[in-house]
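So you can see what is in the structure, the chains are spelled out below.
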Amino acid sequence: MVTFDLEQFVITANRIWQKAREENRLTHNPSDEELRGLVEKQPGVRKTIYGNFVAQSEPTSRSAMFTKNSVDHPFGEGELKLLAQCEKALGKERLISIDRIVGNENSNTTVRLIVPERFAHVAYGGKNLFISPKEEIKEPTYYILFFADEAFETNQSKPLPEKDITIRLAMLDDGRFVKVIRNSNYIGEYKKGVFAAEDWVAKTRRGGIFLHAGCREDYLQSVHGDYRMARTLLVALSANGKTTTTCRILARKGKEQSWLIQDDGGTLMPDGSFHGFEAGGIFVKTEGVNPGEQIEIFYGLLKPDTICENVCVTEDGDLDFYNFDRTSNGRAVVLRRDFMHASSYIDVDRIDNLILITRGPIIPAISKLTREQATALMILGQAMESSAGDPTQAGKIKRAFFYDPFIAGDLAEHANIFYEIIKGIPHLNCYLINTGGIGEEEHYKDIRLEFTMAILDSLLRRGLEDWVDSPTGFKVPGAIRYVDDIYLHPEKLYSRTEFEEKQRKLDKIRCEAVKQLGYSLHPDIRELFSNPCAS
């Protein structure tokens with residue numbers, strides 16, 4: 001067995017960059033104009049009537065099934081071979097490198113992206129997600145490298161599980177990080193590379209917990225007539241409603257304001273503060289976006305600096321967000337300055353609400369949770385698979401620990417850190433919302449976006465103050481303006497016996513998910529669903 005030195009990842013990344021620079025094959029930190037010129041030359045890229053670009057990625061989603069990290073998997077001969085392949089492939093091509101700051105302008109964490117020139121759209125999108133460093137970066141904290149070999153072309157005719165892709169994440173003890181991506185040019189691999197690095201560093205070096213969450217800030221008039229500020233985290237797996245619920249404006253009168261703080265991740269600290277990681281742009285899903293339901297996102301997609309990926313372009317150069325012939329996982333990077341209500345900051349000093357987003361036929365549209373229930377449901381991570389994860393499984397109910405497929409290390413320890421943090425924030429309220437539907441077949445009732453936003457609006461205006469016990473084991477509001485009571489009582493769509501059997505099975509699944517983490521999990525969490533496990 002080879003004893004693997006993770007420093008080899010850093011050394012290889014540095015050597016690739018230095019060699020390209022010495023041989024004048026490197027375009028380092030190009031201007032927007034220069035980079036746009038390179039994107040326009042990329043094969044398959046189309047320019048729209050709005051002046052922005054649309055590229056086609058291969059594959060059209062993340063490649064989690066081909067991804068391993070150095071914390072949970074031993075690295076050895078295979079990783080040495082990958083680094084040699086990467087160095088050989090990138091040693092023959094013209095390269096683009098982009099240096100960026102991760103976090104706010106005062107952050108000391110930086111990332112360097114290295115891609116072949118034929119993947120210019122990844123550099124363009126990656127550049128826009130984060131902000132420019134104030135000075136030259138000599139030793140970046142994170143490296144992310146893309147390269148391709150002969151299998152890249154043949155992969156295009158295969159479903160994702162049959163593609164020849166390799167992705168490795170080297171997580172060094174001092175907080176440095178290197179991700180190497182073979183045979184993918186999907187922008188999300190870059191974004192989620194930085195995401196995974198922050199996920200690991202937040203709990204091992206910063207004393208916080210990184211969450212797959214959007215953050216919104218609302219200053220609204222309450223039902224009592226006064227104006228109150230509320231900062232809310234919405235936690236969800238990709239394409240389960242996180243960006244939509246985070247982005248939708250609720251302010252509508254007087255002095256009211258709604259701001260998007262961060263759409264897809266950040267660190268919750270023990271003092272209750274939240275720190276985003278993307279200060280440059282927003283990575284949005286474009287499926288079915290229209291000005292009636294998602295006006296905040298729609299007009300950002302039409303800005304000239306936006307880069308789209310896997311979005312249909314009509315013959316006359318317009319964008320068609322309803323054509324899914326290639327994939328329903330259309331994506332775009334929209335600059336924060338082009339987003340209707342993106343705030344000027346990505347950090348807030350206080351979080352008031354933590355909302356978990358899920359799907360399931362017997363889950364009320366909204367439930368209030370204890371901190372123990374919130375932690376247990378984070379462990380379960382019940383959601384719906386999307387085309388962003390595995391297109392071959394899109395639409396199926398799945399489980400993802402903490403709604404986050406990028407977590408590395410001991411899962412019980414991760415859950416315990418989260419539990420201790422939220423226990424220490426006395427003003428924090430925890431909720432579960434269902435963005436799917438309740439009931440089944442002829443009794444199925446869709447929880448439409450307008451219902452979810454009406455619920456969120458009532459919650460943030462303090463209109464949900466009377467909570468009652470539910471047979472689901474949680475608490476539900478006595479009533480919600482604009483939303484029928486049936487959405488709070490899925491049990492009414494089944495016979496009593498049928499509902500109790502379904503609830504028993506769901507509780508058993510929850511119990512088993514918690515028990516799998518073993519006795520190192522905090523006992524308050526471990527014993528929460530203990531009775532169903534015995535049945």
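Residues numbered from 1 in each chain as written. Predicted model: local features only at pLDDT ≥ 70, side-chain atom pairs only at ≥ 80, totals over all residues. Heavy atoms only, no water.

*Asks:* Looking at this structure, I do not really get the overall build of the protein chain. What am I missing?
*Replies:* A tally of regular secondary structure across the protein chain gives 14 helices and 30 strands. Looking at the protein chain as a whole, 60% of its 535 residues qualify as buried. Looking at the protein chain alone, contacts between residues at least 24 apart form 74% of all its contacts between residues at least 6 apart. In the form shown here, the protein chain has an accessible surface area of approximately 21500 Å², with 47% of it arising from carbon and sulfur atoms. If you average the places of the 68 positive and of the 78 negative side-chain charges in the protein chain, the two averages end up 1 Å apart. (Helix = DSSP H or I, 4+ residues; strand = E, 2+ residues; numbered from the N terminus. Buried < 20%, exposed > 50% of the residue type's maximum accessible area, 1.4 Å probe, protein only. Contact = heavy atoms within 4.5 Å. Areas by Shrake-Rupley, 256 points an atom, 1.4 Å probe, with all protein chains shown as cover. Lys, Arg positive; Asp, Glu negative; His and termini not counted. Charge placed at Lys NZ, Arg CZ, Asp CG, Glu CD.)

*Asks:* What is the right way to look at the packing of aromatic side chains in this model?
*Replies:* The geometry of two aromatic rings is summed up by the distance between their centres and the angle between their planes. Evaluated as defined, the whole model comprises 20 aromatic pairs. Between the aromatic rings of Y142 and F177, the centroid separation amounts to 5.8 Å while the plane-to-plane angle is 75 degrees, which identifies the pairing as edge-to-face. Pair noted here: Y142 is in strand β7 (residues 142–147) and F177 is in strand β9 (residues 177–182), with a separation of 35 residues, a long-range link. Of the two residues examined, Y142 and F177, each falls in the buried class. An aromatic cluster of at least three residues, connected via ring pairs, comprises F130, Y190, F195, F210, F277 and F406. Taking the ring centre of W17 as reference, the NZ or CZ of R112 above it sits at 4.1 Å. When the ring centre of Y227 is taken as origin, the NZ or CZ atom of K255, which lies over that ring, is 4.7 Å away. (Phe/Tyr/Trp six-rings, centres within 6.5 Å; stacked < 30°, edge-to-face > 60°. Lys NZ or Arg CZ within 6 Å of the ring centre and 35° of its normal.)

*Asks:* How do you make sense of the sheet that holds strand β21 (residues 347–348) when you look at a structure like this?
*Replies:* The strands making up a sheet are joined through hydrogen bonds of the backbone, oriented either antiparallel or parallel. On the basis of which strands lie adjacent, the open sheet formed by four strands has the order β10-β14-β15-β21 and antiparallel pairing. Single-partner strands in this sheet number two, and they are β10 (209–211) and β21. Judged from the three bridges that link them, β10 and strand β14 (residues 266–268) form a sheet pairing that is antiparallel. Within the sheet, the bridge partner assigned to I209 lies in β14 and is L268. (Pairing = 2+ DSSP bridges.)

*Asks:* For this particular structure, what's the right way to read the side chain of N329?
*Replies:* Along the polypeptide, N329 turns up in the loop between β19 (319–320) and β20 (331–335). Residue classification places N329 among the buried residues on the basis of a relative accessible area of 0%. Among the polar contacts made by the side chain of N329, one reaches the side chain of Y186 at a distance of 3.0 Å. (Polar contact = N/O pair within 3.5 Å; in protein donor to acceptor, adjacent residues only side chain to side chain.)

*Asks:* Honestly, the pattern of salt bridges in this entry has me stumped. Any pointers?
*Replies:* Where charged atoms from two side chains of opposite charge approach closely, those side chains can pair. Counted under the stated rule, the structure contains 39 salt bridges. Here D305 makes a salt bridge to R337, at a shortest N to O gap of 2.9 Å. You can see D305 sitting in the loop between α8 (295–301) and β17 (307–309) and its partner R337 sitting in the loop between β20 and β21, a full 32 residues away along the chain. Judged by relative accessible area, which is 21%, D305 ranks as partly exposed. Residue K515 pairs with E527 through a salt bridge whose shortest N-O separation is 3.9 Å. (Salt bridge = Lys/Arg side-chain N within 4 Å of Asp/Glu carboxyl O.)

*Asks:* Honestly, a nonpolar patch on the surface in this entry has me stumped. Any pointers?
*Replies:* A cluster of nonpolar side chains, namely I295, Y299 and M340, defines an oily patch on the protein surface of about 290 Å² accessible area. By the secondary structure assignment, M340 is in the loop between β20 and β21. (Patch = residues over 30% accessible without salt bridge, like charges linked within 9 Å, V, L, I, M, F, W, Y side chains within 5 Å.)

*Asks:* Would you take a moment to explain unusual backbone geometry for this structure?
*Replies:* It is generally the case that most residues other than glycine have a negative phi and that most peptide bonds are trans. A cis amide bond links E58 to the next residue, P59, at an omega of -5 degrees. Position of P59 relative to the elements: it lies in the loop between β3 (53–55) and β4 (67–69). A positive phi angle, close to 70 degrees, is found at N183, a residue other than glycine. With respect to the element layout, N183 can be found in the loop between β9 and α6 (187–205). A residue is classified by how much of its surface remains accessible, and N183, at 0% relative accessible area, is buried.

*Asks:* Looking at this structure, how should I read the sheet that holds β3?
*Replies:* Pairing is mixed across the open sheet formed by five strands, whose spatial order is β2-β3-β17-β20-β16. Both outer strands of the open sheet, β2 (46–47) and β16 (281–285), are each paired with one neighbouring strand and no more. Pairing between β2 and β3: two bridges, direction antiparallel. Bridge pairing in β3 links R46 to V54. Contacts between helix α2 (residues 32–41) and the sheet are confined to β2, β3 and β17, with β3 contributing the most and set at about 50 degrees to the helix. (Axes fitted to C-alpha atoms, helices over the stretch in contact; angles between N-to-C directions.)

*Asks:* What should I look at first to understand the side chain of D199 in this one?
*Replies:* Mapped onto the elements of the fold, D199 is located in helix α6. When sequence neighbours within four positions are dropped, the list of residues in contact with D199 reads F210, D404, F406, I407 and H414.

*Asks:* What's the story with the nonpolar core in this structure? I'm lost.
*Replies:* Most often, soluble globular proteins have nonpolar side chains that are buried together. Ranked by size, the top nonpolar core spans 79 residues in total, and within it L211 and I366 carry the most contacts. Considering every element that reaches this core, the biggest residue donor is helix α11 (residues 449–460), with seven residues. When near neighbours in sequence (up to four residues on either side) are disregarded, I366 contacts Y431, L432, I433, I455, L459, L464, W467, K475, V476, P477, I480 and L488. Formed by 49 residues, the second largest nonpolar core is a distinct cluster that contains L113, V122, L169 and A196. (Core = buried A, V, L, I, M, F, W, Y, C linked by side-chain atoms within 4.5 Å.)

*Asks:* Could you clarify how one ought to interpret helix α4 (residues 120–129) in this entry?
*Replies:* Working note: α-helix, 3.6 residues per turn, so residues spaced by three or four point in the same direction. A large share of α4 lies buried, amounting to 10 of its 10 residues. Among all positions of α4, only A120, H121, V122, A123, Y124, G125, G126, K127, N128 and L129 are buried.

*Asks:* Whenever I open this one, the packing of helix α9 (residues 371–380) against helix α12 (residues 496–515) confuses me. Can you help?
*Replies:* Each pair of packed helices gets described by two things: the angle between the helix axes and the distance between those axes. It is at 9 Å that the axes of α9 and α12 come closest, and there the two elements cross at 85 degrees. As summarised for this structure, α9 and α12 are arranged roughly perpendicular, according to the angle between their axes. For the pair formed by α9 and α12, the contact residues are A376, L377, I379 and L380 on the first element and I509, R510, A513 and V514 on the second. Taken together, the residues of the contact of α9 with α12 break down into seven nonpolar, no polar and one charged. (Parallel < 35°, antiparallel > 145°, perpendicular 65-115°, else oblique. Nonpolar A, V, L, I, M, F, W, Y, C, P; charged D, E, K, R; others polar.)

*Asks:* Looking at this structure, how should I read the environment of F283?
*Replies:* The residue F283 is located in strand β16 in this model. Look at F283 and you get buried, because its relative accessible area is 6%. Spatially, the C-alpha atom of F283 lies 9.0 Å from that of L335, the residues being 52 residues apart in sequence.

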